[in-house]
Amino acid sequence: MNDFPNLVCAKMIQLTNIKKTYQTSNGLLCAVDSVSVNIKAGEAFGFIGFSGAGKSTLLRCINLLEKPDSGSVFVDGEDFMKLPRKDLLRRRQKIGMIFQHYNLLQNATVFKNVAFPLEIAGVAKSERRDRVSQSLKTVDLSEKAKDYPSKLSGGQKQRVAIARAIVTNPKILLCDEPTSALDPQTTQSILRYLKLVNKELGITIVLVTHEMEAVRTICDRVSVMEKGKLVETLDMSEETLSPQTELAKFLFSNGAGI
């Protein structure tokens, strides 16, 4: 059953004038400064920029793991900022998330790691089994179901994290630096699985990265961020990219990463 409203909405995510500040020992830090962006249903959208640009903070504002100080967050036509906590928690179950360091349960098997969000959601045991098996099949890890994370390579751990994120049949997958801890060959493997999730399962992907290869491999569009601001958005489908800002020109000419 879909927890989101049954709306025909080309804009899956609408962020408007998002601002997020933190109090630090050196005073007030503006991590995200009046950012507005629309992300279409089914696209892979990237945020790129130097460390401290505000990318990860903005990503977490989408599911309100970080609540903006001001601005609006609409997901599939619904205003997340106005949802009661109970309803927000239910909506979050339909937004998968993967991280740089996997966040797996070390004392649980691969199968149980993937099943965990379904247990939290109260899904029946028989259905959990079928959905976990299908998720592991999607990332080619069916044979690792009984293994523990300590026996897995970094790439396999991230594939488990992807399986766990998609087992709830989400509409959106938020990816926070999912390949930055991996070697180049493994990075390409993970990007292929993310592209499969996006194109074949139709899941909208929002990717935070500092790696140009990730952007070029899976993103339909990418926004460049600097010091909390969104400075430029580029359409990656264009045969010849024409960045206008100095930062975007540097990033896309630099090519490999930041």
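Here, every reference points to the structure presented above.
Quick caveat: nothing in here was measured; it's all calculated off a predicted structure. (Residues numbered from 1 in each chain as written. Predicted model: local features only at pLDDT ≥ 70, side-chain atom pairs only at ≥ 80, totals over all residues. Heavy atoms only, no water.)

Asker: Explanation requested: the sheet that holds strand E9 (residues 221-226) in the structure shown.
Answerer: The strands making up a sheet associate through hydrogen bonds between their backbones, and the pairing can be parallel or antiparallel. Reading across the sheet, the 6 strands line up as E6-E7-E8-E3-E9-E10 and stay open at both edges, with mixed pairing between neighbours. On the outer flanks of this sheet lie strand E6 (95-98) and strand E10 (229-235), each paired with one strand and no other. Geometrically, the sheet is characterised by an average inter-axis angle of 15 degrees between neighbouring strands, direction not taken into account. Set on the sheet, helix H5 (residues 154-166) makes contact with E6 and strand E7 (172-176); between it and E6 the angle comes to about 170 degrees. (Pairing = 2+ DSSP bridges. Helix = DSSP H or I, 4+ residues; strand = E, 2+ residues; numbered from the N terminus. Axes fitted to C-alpha atoms, helices over the stretch in contact; angles between N-to-C directions. Contact = heavy atoms within 4.5 Å.)

Asker: Is there a simple way to think about the environment of Pro68 in this case?
Answerer: Take Pro68: it is sitting in the loop between helix H1 (55-62) and strand E4 (70-75). On a C-alpha basis, the gap between Pro68 and Gln23 in space is 14 Å, while along the polypeptide they are 45 residues apart. Once residues lying within four places of it in the same chain are set aside, the contact partners of Pro68 are Ile18, Lys19, Lys20, Cys61, Val73 and Met81.

Asker: Looking at this model, I keep getting lost on H5. Mind explaining?
Answerer: Because each turn of an α-helix spans 3.6 residues, side chains separated by three or four positions in sequence point in the same direction. The end-to-end C-alpha distance of H5 is 19 Å, a good match for the 18 Å that 13 residues give at a rise of 1.5 Å each. A large share of H5 lies buried, amounting to 11 of its 13 residues. Where H5 is buried, its residues touch E6, helix H3 (110-120), helix H4 (125-138), E7 and helix H6 (184-201). (Expected span 1.5 Å × (residues − 1). Buried < 20%, exposed > 50% of the residue type's maximum accessible area, 1.4 Å probe, protein only.)

Asker: Sorry, what's going on with the side chain of Thr204 here?
Answerer: Tracing the sequence through the fold places Thr204 in strand E8 (residues 204-209). At a separation of 2.7 Å, a polar atom in the side chain of Thr204 contacts the main-chain amide nitrogen of Gly42. Once you skip the residues sitting within four places of it in the chain, Thr204 turns out to touch Met12, Ile39, Lys40, Ala41, Gly42, Glu43, Lys171, Ile172, Leu173 and Asn198. (Polar contact = N/O pair within 3.5 Å; in protein donor to acceptor, adjacent residues only side chain to side chain.)

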